[in-house]
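Per-entry structural report
One letter stands for each residue in the lines below.
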Number of protein chains: 2
Amino acid sequence: MMFTLSEENYLKAIFHLQTVSGKGISTNAIAKKLETKASSVTDMIKKLADKEVLTYIKYQGVSLTDLGRKIALGVIRKHRLWEVFLVEKLNFSWDEVHDVAEQLEHIKSTKLINELDTFLEFPKMDPHGDPIPDKEGKFQKIEKKLLSTLKENQLGVCVGVNDSSSEFLKYLDRYQISLGQKIRVVSKESFDGSVTILINNKEMSISQKIANNIYIQS
Amino acid sequence: MMFTLSEENYLKAIFHLQTVSGKGISTNAIAKKLETKASSVTDMIKKLADKEVLTYIKYQGVSLTDLGRKIALGVIRKHRLWEVFLVEKLNFSWDEVHDVAEQLEHIKSTKLINELDTFLEFPKMDPHGDPIPDKEGKFQKIEKKLLSTLKENQLGVCVGVNDSSSEFLKYLDRYQISLGQKIRVVSKESFDGSVTILINNKEMSISQKIANNIYIQS
DNA sequence: AAATATTTTTAGTCTTGACTAAAAATTTAT
DNA sequence: ATAAATTTTTAGTCAAGACTAAAAATATTT
Ligand SMILES: [Mn+2]
Ligand SMILES: [Mn+2]
Ligand SMILES: [Mn+2]
Ligand SMILES: [Mn+2]
């Protein structure tokens, strides 16, 4: 069975939504994620249900089947391996890779992706700290929490981001926040949720929104 | 101005047809090359004429504009660079690269293709002996003739192929014909045009069709 | 110079994946 | 328990890019 670029993007989006909110995924949630209209989503999920990659009950949202999950993980594997390639071999920075990887993830060739994996020496993480599924779709889930959940005086290491947009990543670069960076929470402001952190012996304040998009391992 | 995958394929096909038959390219020739119908071609060339990448006079075929030529060369550059990448870095053989390159050639990112070029150390030829245009679309045209045009007892080096199909390339592999291989014409059979050649001190006979698809430099 | 054959274009249809507007179902508020 | 608000589905439209069948133009024979 073959899947179009559009179908692959739907499966990927639904997979990502499922990993956060365990329940059935709503039409609206999918529409929002894919920046499309709810009616378009209804059309597409009917087609995907016919192809048996998800189950769909009217008015009750959708849920991926094992096959659907497998296909989504295949696309995610390709996306992340290409991101590693771009950073490691082609001098891209972590804020430049996402858009190109969105295109590359749809190239169809099992040999291509498995040879790429070998060429890169089987990386386990992409440039944003996200795990790369192996051939069988298996990947380790790493322990991580949002920076905003740390208490005053707690220490952690940045291990990922919750937002891969170029804007956010460039912001992090500007403040020397990269994967592996040690971060200590100095104080938290209850008024606006902003956090004062210590990085490389320098104190700085970041907004709650920023703190909500940085993953930390203690 | 943005071009779709389909539009890029039309431009590439027309470019290739133009390099062999200098004149205006007929609707039918394009249809044949792209394995589509003449009516579909008429539709598309109207659109491409609107976009000013080719000139089109009803019933008289088409001809690329400078812009059209530039875009076609960009796609060809990408195709060939990806082919080099697949062979040099990902253990593909020359008969496996074409289909994947057909997909990769449509990825849009100037940084990607220029960094890939750098990573590969600016190759001048693809795995089939075809020249790779540089950023500006410039490439050297190499001197080459068909093996079938050699006279008895003449010697040459294989520098390219006229057919990149997997079937043909596998045939060449089987008979140890690869780029750089020295080939001597021992005799030619006027009855069926077949050629007896000497390769690595071994004599073998190849059909006229095969001899018509191997490029030689004397 | 007609007649015939071939090529090219036009007209109309189909599929995919989107959209808007309106109807129907469900959820939340009163 | 109704009413109001929200979500979801349906119905109808559109553009891209393909297709078939038929008409029109051009090329080739006789
Ligand atoms: Mn990404
Ligand atoms: Mn990533
Ligand atoms: Mn090729
Ligand atoms: Mn090639």
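Cut-offs and rules
- Residues numbered from 1 in each chain as written.
- Chains lettered and ligands numbered in written order.
- Predicted model: local features only at pLDDT ≥ 70, side-chain atom pairs only at ≥ 80, totals over all residues.
- Heavy atoms only, no water.
- Pairing = 2+ DSSP bridges.
- Helix = DSSP H or I, 4+ residues; strand = E, 2+ residues; numbered from the N terminus.
- Contact = heavy atoms within 4.5 Å.
- Axes fitted to C-alpha atoms, helices over the stretch in contact; angles between N-to-C directions.
- Domains from an automatic or database assignment.
- Donors = N, O, S within 2.8 Å, 3.2 Å for Na, K, Ca; no water.
- Buried < 20%, exposed > 50% of the residue type's maximum accessible area, 1.4 Å probe, protein only.
- Expected span 1.5 Å × (residues − 1).
- Near = heavy atom within 4 Å.
- Polar contact = N/O pair within 3.5 Å; in protein donor to acceptor, adjacent residues only side chain to side chain.
- Salt bridge = Lys/Arg side-chain N within 4 Å of Asp/Glu carboxyl O.
- Buried area = accessible area lost by both parts, 1.4 Å probe.
- Nonpolar A, V, L, I, M, F, W, Y, C, P; charged D, E, K, R; others polar.

**Observations regarding the sheet that holds strand β5 (residues 182–188) of chain A**
Residues and elements named next belong to chain A. Ordered in space as β3-β8-β4-β5-β6-β7, the 6 strands form an open sheet in which the pairing is antiparallel. Edge strands, defined here as strands with exactly one partner in the open sheet, are β3 (145–146) and β7 (202–206). The sheet contact formed by strand β4 (residues 155–161) and β5 spans 3 bridges and is antiparallel. Bridge pairing links G156 to I183 in β5. This element, helix α7 (residues 166–174), spans β4, β7 and β8 (214–217) of the sheet and lies at about 150° to β4.

**Things to note about the domain arrangement of chain A**
Reports of interface size often rely on the accessible area that becomes lost once the parts have come together. One can read the domain layout of chain A as domain 1 (5–64) and domain 2 (145–217). On a C-alpha basis, the centroid separation for the pair domain 1 of chain A and domain 2 of chain A is 32 Å.

**Notes on the coordination of the manganese ion (ligand 1)**
Residue and element names in this part refer to chain A. The protein atoms that coordinate the manganese ion (ligand 1) are H79 (NE2), E83 (OE) and H98 (ND1), at distances spanning 2.0 to 2.1 Å. Within one chain, the residues donating to the manganese ion (ligand 1) are spaced in sequence as H-x3-E-x14-H. For the pair the manganese ion (ligand 1) and the manganese ion (ligand 2), the metal-to-metal distance amounts to 3.4 Å, and E83 bridges them. Of this pair, H79 and E83 both sit in helix α4 (residues 66–89), 4 residues apart, roughly one helical turn. Like E83, H79 is buried.

**Re helix α1 (residues 5–20) of chain A**
One turn of an α-helix holds 3.6 residues; hence residues three or four places apart share an orientation. Residue and element names in this part refer to chain A. A rise of 1.5 Å per residue sets the reference length of α1, with its 16 residues, at 22 Å; its end C-alpha atoms lie 23 Å apart and thus fit the reference within 8%. By the burial criterion, the buried members of α1 are E7, E8, N9, Y10, L11, K12, A13, I14, F15, L17 and Q18. Against the buried residues of α1 lie α2 (27–33), α3 (38–50), β1 (54–56), β2 (62–64), α4 and α5 (97–104).

**A closer look at the coordination of the manganese ion (ligand 3)**
Residues and elements named next belong to chain B. The protein atoms that coordinate the manganese ion (ligand 3) are H79 (NE2), E83 (OE) and H98 (ND1), at distances of 2.1 Å. Each donor residue of the manganese ion (ligand 3) lies on the same chain, and together they follow the pattern H-x3-E-x14-H. A separation of 3.4 Å is found between the manganese ion (ligand 3) and the manganese ion (ligand 4), which share E83 as a coordinating residue. In this pair, H79 is assigned in helix α4 (residues 66–89) and H98 in helix α5 (residues 97–104), connecting sequence segments 19 residues apart. In this structure H98 comes out as partly exposed when scored by relative accessible area, which is 28%.

**Some words on the protein's contact with DNA strand D**
What surrounds DNA strand D is a group of 20 residues, the closest being A:K46, A:Y56, A:K58, B:T36 and B:K47. Sugar and phosphate atoms constitute 84% of the interface atoms of DNA strand D, taking the interface as everything within 4 Å of the protein. Between A:T42 and DNA strand D, the recorded distance is 3.0 Å, taken from a side-chain N or O atom to a phosphate oxygen. Contact distances for DNA strand D include 3.1 Å between a phosphate oxygen and a side-chain N or O atom of B:S6.

**Some points on the pattern of salt bridges**
For the coordinates displayed, the defined rule picks out 16 salt bridges over all chains. Ionic contacts of the salt-bridge type, sharing partners, join the residues A:K12, A:E102 and A:E105 into one network.

**Focus on the interface of chain A and chain B**
Counting from both sides, the interface comprises 20 residues of chain A and, opposite them, 20 residues of chain B. Between chain A and chain B, a total of about 1700 Å² is buried, with carbon and sulfur atoms accounting for 74% of that surface. When the area that chain A buries against chain B is broken down by residue, the three leading residues are A:L90, A:Q103 and A:K111, summing to 28%. On inspection of chain A and its partner chain B, the count reaches 2 salt bridges. In this assembly, chain A and chain B are joined by 4 residue pairs in polar contact (both at pLDDT 80 or more). Residue assignment for the side of chain A that touches chain B shows that the elements contributing at least two residues are α4, α5 and α6 (110–119) of chain A. Of all the elements, α6(A) adds the most residues to the side of chain A that touches chain B, at 5 residues.

**Quick word on the sheet that holds strand β7 (residues 202–206) of chain B**
Residue and element names in this part refer to chain B. Here 6 strands make up an open sheet; going across it, the order is β3-β8-β4-β5-β6-β7 and the pairing antiparallel. The sheet is open, and its two borders are formed by β3 (145–146) and β7, each paired with just one other strand. In this sheet, strand β8 (residues 214–217) lies alongside β3 in antiparallel orientation, the contact comprising 2 bridges. Counted as the bridge partner of L146 is Y215 from β8.

**Describing the protein's contact with DNA strand C**
Lining the immediate environment of DNA strand C, one finds 20 residues, of which A:T36, A:K47, B:K46, B:Y56 and B:K58 sit closest. The sugar-phosphate share of atoms of DNA strand C within 4 Å of the protein amounts to 81%. B:Y56 places a polar side-chain atom, nitrogen or oxygen, 2.6 Å from a phosphate oxygen of DNA strand C. Contacts to DNA strand C include B:K58, whose side-chain N or O atom sits 2.6 Å from a phosphate oxygen. Among the secondary structure elements, those contributing two or more residues to the surface near DNA strand C are α1 and α3 of chain A together with α2 (27–33) and α3 (38–50) of chain B. Residue classes in the surface near DNA strand C are distributed as 5 nonpolar, 10 polar and 5 charged.

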